[in-house]
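Next come the chains, spelled out residue by residue.
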Amino acid sequence: MKKYALNEITFMQFIFLIHGIQVGTGIMSLPKDLAEKSGTDGWMSLIIGWFINIIASYVMIQIFKRFPNDTLYDLLNRLFGKWLSLFISIPVTLYFICAVWLILIRAMLYIKAWFLPQTPDYIVVFLFTIPTFMLARNGLRIMGRYCELVFYLTAWMPFILLLVLGDSHWIHLLPLFKEGMMPVVKGLESTIYSIAGLEITMIVYPFLKNKQSAMLGIVIANSITILAYIYVTIICFAFFSPDEITGYNQPLLSLLKVIEFRFLERFDMIFLAIYLFIVSTSWIPYMFFAAFSVSQLMRKQDHTPYVAVLLVLIIAIVFVIHPSWNQADMWSKRVSIYNIGITFVLPLLLWVYIQFYVRVHKGELH
Amino acid sequence: MFFYRKFFRKKRKPNTRQTKQANPSSKQTDGQNLNSDLTSNLEKLQMLFQLTPDLIVRRLRIHVTGVEAALVYLDGMTDKSTINNNILTPLMREAHASNDKGDIPFTNVGNVGKGSLWSQVETAILKGDTVLFADGRPEAFLFDTKGWPQRTIEDPQIETSLKGAHQGFLETGTQNIALIRRYIPNRELKIKELSIGKRGATKVWIIYLADVAHPQVLAELESRLSSIDVDSIINTGELVEYIEDNPYSPFPQIILTERPDSTVSQILQGRFSVVVDGSPSVLIAPATFISFFQSIDDYSTRWLIASFIRLLRFLAFAIALLLPAIYISFISFNYEVLPIQLLLSVAESRTLVPFPPLLEAMLMEITLEMMRESGIRLPAPVGQTVGIVGGIIIGQTAVQAGIVSNIMVIVVASTAIASFIIPNYDMGTALRLLRFPMMVIAFMFGIVGIVIGMMILIAHLVCLESMGTPYASPLAPFRWADMKDTFVRLPIWKLVNRPKNTRAVQSRRAGDNRRNGDMQ
Amino acid sequence: MKQWKLCCTMLILAAFLTNCSDRLNVEDVTFSLLIGIDLDEEDNLLFSISSPVFSKEAKKKEEDLEVRTNTTRKSREEFDRSVVALTMGGKVQAVLLGKRLLQHKGWFQLLDPLYRDNKNTVLPIVALVNGKVSDIIRYSPQDKPRLPIYLAELLRTAHMRNITVNTTIQLLHRQMFEKGMTPSISDLRKDGNLKVMGTALLKEDGRYALTLDPVENKLFSILNPRRGGEFPFTVTIPSQSDESFFKHDKLSFTATDISTKTKVNYEQNNFRFDINVKMRINLSERLFAFNVEKEAKKLEKEIEQQLEAQFVQLIDKIQAAKIDPVGFGLYARAKQYRQWKGVQDRWGEAFSKADVNVKVKVRVMSMGATK
């Protein structure tokens, strides 16, 4: 009956899995993106983003409450049958693959820009793939453990930012609602890439040990994420002048450059290197979900070979096209739109469909 | 990369390497009964034990009944005074030594058995028992007269402790069990006996608290032990390799200890210990990564100090693992990170050195490892000289000769000191080994390499399990309750519950013994 | 097992064959610790660096180099042609800008690689050199540590007594881009040995405007919201003037716990800034007889008047130059956003018309060990 019981994850692991997936490379440039769209009021867009995410996850939970032992793919099979379901499950799978690709590329670009400008990009990606393969070939439970451990290991990092408070000017944040509400709403667009990650609920739900608290878990995970974003954004806004912040590509890293200790300078380098751990909690679970999705499409139990295939494929593509920053930015815009479809539109449509489905198939459920 | 998995996941099916080369003598004796004729029995015995000069056959006539008999035992494996005083004397001198009903003769030996199969007789003799054949009986009497050269109980050598007991395990399994039982005189302390090995038939005992330890872990442990197919187990270390979860991991997944007191403390926490006959170290499972950083001394020093030392160990772990790698990455990739004054002095000392940083580091690290290894093999008085030669001559002159920079010497020396702090020897050696790949990856990719290396290490730790218990617990999966005794050790009376990672069934230890308030 | 070996070799091969290029051992690097940019007599750009030499055989501790090129990055190429090892900008301690350079607009763009290249640090202090930059870079004092370290330390400690500002490259970026404030950097001169002159204030486009001497700089630092270090003042108390040969009307004190409150209003098409400065003072020198116990209020009053007069002078000077080094524009934006929006692109001018009032409130905390 419960075919995912072996890989059940705890409540905390669920929280950190979602949180880990949400926080990736986006945070580096987020303050700039927000400042471009909505000036120093940009941090308020994040609150709206939080609210929208909560609504979306509520819809997802409502769907999966009825089918507590189904992943999205099982559900699609149930609703639309073996072949018709492919129309939805293939795009979802592609989404996961795109997400892995994008995060890996961005992480690679950061590492290349800051540490290894001369090293070929595929070597950097290859380095990332070793831990990815070691983890993603295992079950969801290992993902959960990894995200949990990394969260605790890196929980000190936000506090480092407090060191710049002496140089910050809170007056930059005033006045609130400078140009009214419109810029705040516009800023929402630039947050999507950073707050994406809720869609995994649709796959994780049957693995959850404690399904009643799923909603609570999502709210907590989302809140941690958004709080981290607001925290970083506000500190960046207070540190940089509103006129100069748009001139930096990665304000967070430029800000960290200022931190130095008597024994350690250039803290941005240390920070970025360790931040790779946090980014890895984004791409590794995505890789797991991508491989898991492919194995579901292929109707196989073991997803390990697909992890290997996808990773080799990614290295090969990097080897061929050598992605640039501009391409990565362009892709992340597209994936953001894609993400809207997967996270917001798909659950809504499914929910509507299920309302009908349930009425039609009354006695047949369970 | 499919083979990757094949490599890392050990297949837990019966060992195919040791194919069934059954013992030739056992083939002959299996299922054969003893003869009732003494002479033919003795002939058969002579045939079985060819080229065994230490086999003693003493023919005698039992005092009252006058039955011809023979006492057979292995010289050296048996306690001679027991045989002389408690078997021979009653049999040959005393009237009631034997009765006609064929029961066990009246001897003054504690453990007496009967055997009618040749295989039983053979094992008994080989194990140090004395066998009495009597004419006209198709069975033999087995007297427990085991007694072989033994050393006395000594202070444990590898795991020295300041305040713990000064008794270490011995080579005799039964004595080791006794050492353990002395701490827990409780009915629930159960001991399961198994025997491993076709030839050696090494006796192995699983010791646990029946009402505390998890039955599933027991079943797992038992099935792993019984599926071992091997000639003989000489050391506990060998046994560990057969039963651990991931034999390709550098990390020890099972604790080996030579201290009865730490074994007992682990048993009380709900773990299992396995005593192997003939080996002075005892195996404890399931183990977690953190448990290798705990020492019995932690519980006998004041908790604040113990916590400080615990934290020191984790710091030492990080230093021993990463310091050379960080140094390499700082001087060949990320020098921006060093403050200017430090950078200038590092650069100054580096200008004299003709080798690339990795080679320089390897040179020193390997010298250090060699010194350490030679220190172990040499007798104690000579070992001191190695320290002097290593410390003064190599360290001092290598710098003067411009082969290594003096900062490198500092790095290597602090690494060495740090790795000595790890209380568990196996974890310490794992660390020594892991340092080298870290150095290599740091040399190739700088600080990013180190992070990737750490990521691989953490990924590995997260995936690892010991007897089905997550190895990285209580960190991943995170268990807040176990944090009381992880990085710090809270006062003993706060540690009311057993650690969760042992999967103990009975989670609460004995009650709250702390007096409340200002009571006398 | 075979496959495993294959995997291993692949891994090692892949790693070893392709990477090598990023590694640069520390001994193969020449760290440019000082960067100087100047114009020579014919208005050619002049880049100079000073970097440490590690070789034991070398007599001098530094090598100094000067080249004529158009950009900072190109200058690196030129340096590489002659210095011992490869030049790296990651450890620059100070950036020196010639006064001639600062007579022209657009010099700030020359600093672009310091921001763009991630290997570079943004923490070197920026200083204006009153005179030739090369004079300072060539200078190798016998009784001091290496010049770059000496210079950086000099500027850092000078800031601790508020003799000059502590403008790093990062801060300069902010001051240049922020519409509500104009840049201010340290002012340095070499006559005989190095001397910190005070703070050079620049116009919105980066051109040199005026220099504040250490006394003015202290007042300037008080107005600045990010202040730190000590504030020792010496003021003249007019009521105590006497005819003795030594002027005995001087009073010195150290101000602590300084707080400022800035209020912004918009009245009659002009901004109006009311700044309330509160400080507690500890007397450190008093040349005249005075009963502080009883007449503290009187003393406070006079100190307040003296300081206020000095503030008025300072602000007049700043307004006359049409600059806003304090960043009053930030307050204007925060509190009067509508009005600010209209003038944000010509804030210097708008500020020069503004009405700035400084009120000082002093409280004597201690008079020291003697009466």
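Residues numbered from 1 in each chain as written. Chains lettered and ligands numbered in written order. Predicted model: local features only at pLDDT ≥ 70, side-chain atom pairs only at ≥ 80, totals over all residues.

If you look chain B up in an unreviewed UniProt entry, it shows as Spore germination protein from Cohnella silvisoli. Entered under Sequence similarities (unreviewed entry) in the UniProt record, the comment concerning chain B runs "Belongs to the GerABKA family." (UniProt positions renumbered as here; feature names shortened; annotations may be inferred.)

As recorded in an unreviewed UniProt entry, chain A goes by the name Endospore germination permease, listed as coming from Cohnella silvisoli. UniProt, in the comment section headed Subcellular location (unreviewed entry), describes chain A in these words: "Membrane".

Engineer: For the overall build of chain A, give the residues involved together with the corresponding values.
Structural biologist: Along its length, chain A carries 15 helices and 0 strands. Based on the C-alpha atoms only, the size of chain A along its principal axes is roughly 65 × 45 × 35 Å. Scored against the burial criterion, the 366 residues of chain A give a buried share of 53%. Within chain A, contacts between residues at least 6 apart in sequence are counted, and of these 84% link residues at least 24 apart. (Helix = DSSP H or I, 4+ residues; strand = E, 2+ residues; numbered from the N terminus. Buried ≥ 20, exposed ≤ 12 C-beta atoms within 10 Å, placed from the backbone. Contact = placed C-beta atoms within 7 Å.)

Engineer: Any chance you could break down the sheet that holds strand E12 (residues 250–267) of chain C for me, citing the residues and the numbers?
Structural biologist: All names here are of chain C. Strand order in the open sheet made by the 4 strands is E11-E12-E13-E14, with mixed pairing throughout. Only two strands of the sheet have a single neighbouring strand rather than two, namely strand E11 (231–236) and strand E14 (355–366). Each strand axis lies, on average, 40 degrees off the axis of its neighbour in the sheet, ignoring direction. Note that strand E13 (residues 270–286) and E14 share 11 bridges and pair parallel. In the strand pairing of E14, Arg272 is matched with Asp355. (Pairing = 2+ DSSP bridges. Axes fitted to C-alpha atoms, helices over the stretch in contact; angles between N-to-C directions.)

Engineer: Let's hear about the domain arrangement of chain B: which residues, and what values?
Structural biologist: Per the domain assignment, the segments of chain B are domain 1 (31–143), domain 2 (173–298) and domain 3 (302–463). Here domain 1 of chain B and domain 2 of chain B have C-alpha centroids that lie 35 Å from each other. (Domains from an automatic or database assignment.)

Engineer: Go over the nonpolar core, please, and point to the residues and values.
Structural biologist: One finds Val100, Leu104, Tyr146 and Met287 of chain A to be the most contacted residues of the largest nonpolar core, which totals 317 residues. The dominant element in this core, judged by the number of residues it contributes, is helix H15 (residues 425–463) of chain B, at 22 residues. What Tyr146 of chain A contacts, discounting residues up to four positions off in sequence, is Leu135, Thr281 and Ile284 of chain A together with Ala459, Val462 and Ala476 of chain B. Counting residues in each nonpolar core, the second largest holds 22 residues, with Val72, Ile125, Ala140 and Phe143 of chain B among its members. (Core = buried A, V, L, I, M, F, W, Y, C linked by C-beta atoms within 7 Å.)

Engineer: Quick one: what's the story with the UniProt feature "transmembrane region" (unreviewed entry) in chain B, residue by residue and with numbers?
Structural biologist: Taken from the UniProt record, the annotation "transmembrane region" (unreviewed entry) applies to residues 311–333, 403–422 and 434–462 of chain B. This span, residues 403–422 of chain B, is 80% helix and 0% strand, and a straight line between its end C-alpha atoms measures 30 Å.

Engineer: Which residues make up the interface of chain A and chain C, and what values do they have?
Structural biologist: The interface is formed by 24 residues belonging to chain A together with 21 residues belonging to chain C. In the side of chain A that touches chain C, the residues fall into 12 nonpolar, 5 polar and 7 charged. (Nonpolar A, V, L, I, M, F, W, Y, C, P; charged D, E, K, R; others polar.)

Engineer: Let's hear about unusual backbone geometry: which residues, and what values?
Structural biologist: Residue and element names in this part refer to chain B. Across the junction of Ala285 and Pro286, the peptide omega takes the value -10 degrees, indicating a cis bond. Note on placement: Pro286 falls in the loop between strand E10 (282–285) and helix H10 (303–332). Of note in the backbone geometry, Ala201 takes a positive phi value of approximately 45 degrees without being a glycine. Along the chain, Ala201 turns up in the loop between strand E6 (189–196) and strand E7 (202–209). Residue Ala201 is classed as partly exposed on the basis of its C-beta count, with 18 C-beta atoms lying within 10 Å. In the Ramachandran plot, Met467 falls in the positive-phi region, its phi being about 50 degrees despite a non-glycine side chain. With respect to the element layout, Met467 can be found in the loop between strand E11 (465–466) and strand E12 (469–470).

Engineer: Describe in detail helix H6 (residues 121–136) of chain A, supporting the description with residues and values.
Structural biologist: All names here are of chain A. Taking 1.5 Å as the rise per residue, H6 with 16 residues should run 22 Å; its terminal C-alpha atoms sit 22 Å apart, in good agreement. Thr129 marks where H6 bends most, by close to 25 degrees; the proline Pro131 follows one to four residues later. In terms of burial, H6 is largely enclosed, as 15 of its 16 residues are buried. (Expected span 1.5 Å × (residues − 1). Bend = angle between axes of the 7 residues up to and from the residue.)

Engineer: Any details on the interface of chain B and chain A? Residues and values, ideally.
Structural biologist: Taken together, the 27 residues of chain B in the interface contact 35 residues of chain A. At the level of elements, helix H1 (2–8) and H15 of chain B are the ones that each hand at least two residues to the side of chain B that touches chain A. For the side of chain B that touches chain A, the element with the highest residue contribution is H15 of chain B, accounting for 13 residues. Its residues placed into classes, the side of chain B that touches chain A shows 22 nonpolar, 3 polar and 2 charged.

Engineer: Go over the pairing of E13 of chain C, please, and point to the residues and values.
Structural biologist: Along any regular strand the residues' side chains alternate between the sheet's two faces. Residues and elements named next belong to chain C. Pairing of E12 with E13, which is carried by 15 bridges, proceeds in the antiparallel orientation. Its bridge partner being in E13, Lys261 is matched across the sheet by Asn276. Counted between consecutive antiparallel strands, the loop separating E12 from E13 contains 2 residues, among which Gln268 sits at a positive phi close to 45 degrees.

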